[in-house]
Amino acid sequence: MSARRATHAGSWYTDAGAELSRQLDRWLGAAELSHGPARAIIAPHAGYTYCGACSAFAYRQISPVVVKRIFILGPSHHVRLRGCALSVAKKYRTPLYDLKIDTQINAELEKTGQFSWMDMKTDEDEHSIEMHLPYIAKVMEDYKDQFTIVPILVGSLNPEQEAQYGSLLSSYFMDPTNLFVISSDFCHWGQRFSYTYYDRSCGQIHKSIEKLDKQGMDLIETLSPTAFTEYLRKYNNTICGRHPIGVMLGAVKALQDQGYDKMSFKFLQYAQSSQCQDMEDSSVSYASGSLVFEM
């Protein structure tokens, strides 16, 4: 059995199962269920000290009794990838319990000819998918033997590819037993990120960052892929999961084109790693939201 190790446990989050379980319980307990049951969520992938509390607002919207399969779409941080890649692992380890990969869905996706395979080193180096695994394990713990995961590493897609992958995954979106986890942080601001957009009319820098992020979040809530693409072109906001978000919006658009339009997305929480006051500062923003299909 090829198992992907929890390579970021012990640094980005605790590797002590009992402690991790308590932390996640506490964060989930502080979030309210207000826009569920989620068919898809957007949640951050930073160290839990920075974004654990924010992520809970997305994970709280999940109805574990319904979910049988969880697709996790994370951006590639270390390898240049033109399309999307699947995992060669059979399971993913977490400090809570191991998560089983859905090899049948992997085979279906491979048949489309649109997916490559990431090697184990790429898989273990990448944090954008791993940071969601403890939350998934926690939310699903009463059903731990009854669900599988489908990790998908998303490369630097152009808008046409986002639409193409969205369309390809749209039939899976329609199935209420599937859940999509879209992994993304929001603005990475500061000289170390080579991004220092500052609208001085907002006053403090952190207020300008929040306004910029909220503009993007509002556009995601409209579920318009073109509006979000235009926004990214205009401001170049450093939203690292822009392509996984684009794929989700592409899937929604494909379903709308087929006449299904009863979907609504809502952001439920926003946070920044620190509040930037001057040009020497830096911060990363986090946003959590949920996509609901009204039946």
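Look a little higher up for the structure.
Residues numbered from 1 in each chain as written. Predicted model: local features only at pLDDT ≥ 70, side-chain atom pairs only at ≥ 80, totals over all residues. Heavy atoms only, no water.

Trainee: Quick rundown of the nonpolar core? Include the residues and the values.
Mentor: Of all hydrophobic cores here, the largest spans 50 residues; its most connected members are I152, L169, F173 and I220. Tallying contributions element by element places helix α9 (residues 242–257) first for this core, with seven residues. Counting 40 residues, the second largest nonpolar core, distinct from the first, contains L28, I72, Y92 and I136. (Core = buried A, V, L, I, M, F, W, Y, C linked by side-chain atoms within 4.5 Å. Buried < 20%, exposed > 50% of the residue type's maximum accessible area, 1.4 Å probe, protein only. Helix = DSSP H or I, 4+ residues; strand = E, 2+ residues; numbered from the N terminus.)

Trainee: Account for the sheet that holds strand β1 (residues 3–4), naming residues and giving values.
Mentor: Across the sheet, which stays open at both edges, the three strands sit in the order β1-β5-β6 with mixed pairing between neighbours. In this open sheet, the two edge strands, each paired with only one partner strand, are β1 and β6 (99–100). The pairing of strand β5 (residues 91–92) with β6 spans two bridges and is antiparallel. When the sheet's bridge partners are listed, K91 is paired in β6 with K100. (Pairing = 2+ DSSP bridges.)

Trainee: A description of helix α6 (residues 159–174) should follow, citing residues and the corresponding values.
Mentor: The end-to-end C-alpha separation of α6 is 22 Å, in line with the 22 Å expected for 16 residues at 1.5 Å each. Along α6, the sharpest kink reaches roughly 40°, centred on L168. Of all the residues in α6, the buried ones are E162, Y165, G166, L169, S170, Y172 and F173. Where α6 begins, the capping side chain belongs to N158, and its oxygen is found 3.0 Å from the backbone nitrogen of E160. (Expected span 1.5 Å × (residues − 1). Bend = angle between axes of the 7 residues up to and from the residue. Polar contact = N/O pair within 3.5 Å; in protein donor to acceptor, adjacent residues only side chain to side chain.)

Trainee: Account for the environment of S2, with residues named and values stated.
Mentor: With respect to the helices, strands and loops of the structure, S2 is situated in the segment before β1. Accessibility expressed as a relative area gives 29% for S2, which makes it partly exposed. Apart from residues lying up to four places away in sequence, S2 is in contact with V88, A89, K90, K91 and M120. (Contact = heavy atoms within 4.5 Å.)

Trainee: Could you give an account of the packing of α6 against α9, with specific residues and numbers?
Mentor: Running from amino to carboxyl end, α6 crosses α9 at an angle of 65°, the nearest separation of the two axes being 7 Å. Where α6 crosses over α9, the handedness of that crossing is right-handed. Counting all contacts with α6, which are made through E162, A163, Y165, G166, S167, L169, S170, F173 and M174, the residues of α9 involved are R242, H243, G246, V247, M248, G250, A251, A254 and L255. Considered class by class, the residues forming the contact of α6 with α9 number ten nonpolar, six polar and two charged. (Axes fitted to C-alpha atoms, helices over the stretch in contact; angles between N-to-C directions. Left-handed = near helix turned anticlockwise from the far one by under 90°. Nonpolar A, V, L, I, M, F, W, Y, C, P; charged D, E, K, R; others polar.)

Trainee: Account for the packing of aromatic side chains, with residues named and values stated.
Mentor: Tallied over the full model, the rule gives 14 aromatic pairs. On the basis of an interplanar angle of 10° and a centroid distance of 3.8 Å, the ring pair of F173 and F180 is categorised as stacked. Residues F173 and F180 agree in their burial class; the two are buried. Above the plane of the ring of W27 lies R26, whose end atom (NZ or CZ) is 6.0 Å from the centre. Note that R39 overlies the ring of F293, its terminal NZ or CZ placed 4.2 Å from the centroid. (Phe/Tyr/Trp six-rings, centres within 6.5 Å; stacked < 30°, edge-to-face > 60°. Lys NZ or Arg CZ within 6 Å of the ring centre and 35° of its normal.)

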